[in-house]
Amino acid sequence: MTVDSIFANGAEYRNFDNTYCCNCKKYVPWEESTEDNPVCHIEDLIAQAMFDEKKFPREYIKRDSVKGLTYCTEFETEAP
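Residues numbered from 1 in each chain as written. Predicted model: local features only at pLDDT ≥ 70, side-chain atom pairs only at ≥ 80, totals over all residues. Heavy atoms only, no water.

A. The overall build of the protein chain, seen in detail. Broken down by element type, the protein chain carries 3 helices and 2 strands. Order of helices (α) and strands (β) in the protein chain, N terminus to C terminus: α-α-α-β-β. Taking 12 Å as the expected radius of gyration for a compact globule of 80 residues, we find that the protein chain reaches 13 Å, a close match to that expectation. In terms of principal-axis extent, the alpha carbons of the protein chain reach across some 35 × 35 × 20 Å. Accessible surface for the protein chain amounts to roughly 5600 Å². Of this, 51% is attributable to carbon and sulfur atoms. (Helix = DSSP H or I, 4+ residues; strand = E, 2+ residues; numbered from the N terminus. Rg over C-alpha atoms; globule rule 2.2 N^0.38 Å. Areas by Shrake-Rupley, 256 points an atom, 1.4 Å probe, with all protein chains shown as cover.)

B. Seen up close, the packing of aromatic side chains. If you walk through the whole model with that rule in mind, you get 5 aromatic pairs. Seen from their ring centres, Phe 7 and Tyr 13 are 5.4 Å apart, and the 80° between their planes marks the pair as edge-to-face. Their ring planes at 55° and their centres at 5.2 Å tell us that Phe 7 and Phe 16 sit as a pair that is tilted. Each member of the pair, Phe 7 together with Phe 16, is buried. (Phe/Tyr/Trp six-rings, centres within 6.5 Å; stacked < 30°, edge-to-face > 60°. Buried < 20%, exposed > 50% of the residue type's maximum accessible area, 1.4 Å probe, protein only.)

C. Structural view of the pairing of strand E2 (residues 69-72). Burial of the side chains of E2 is restricted to one face: Thr 70 and Cys 72 are buried, whereas none of Leu 69 and Tyr 71 on the reverse face is. Sheet analysis places strand E1 (residues 61-64) next to E2, joined by 4 bridges and oriented antiparallel. Each residue of the ladder has a partner; that of Asp 64, found in E2, is Leu 69. (Pairing = 2+ DSSP bridges.)

Here it is as structure tokens:
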């Protein structure tokens with residue numbers, strides 16, 4: 001599985017990022033991250049995979065083959 005087989009293009013990645021990363025309670029914007037409050041390790045690995053596909057977090061990013069949707073297995077929302 002390659003990055004291209006998960007995100008067909010930049011728009012598909014942005015949709016994933018907006019749906020999961022930005023709505024996850026673990027989300028920390030890059031510009032606000034610190035050593036004590038880092039960005040999500042999954043989001044960091046996705047960024048690294050742009051240069052080295054072996055770093056893509058395959059164990060956390062999955063594609064539902066029936067619905068064709070990509071999702072994060074570690075996604076957490078705040079309780080309503």
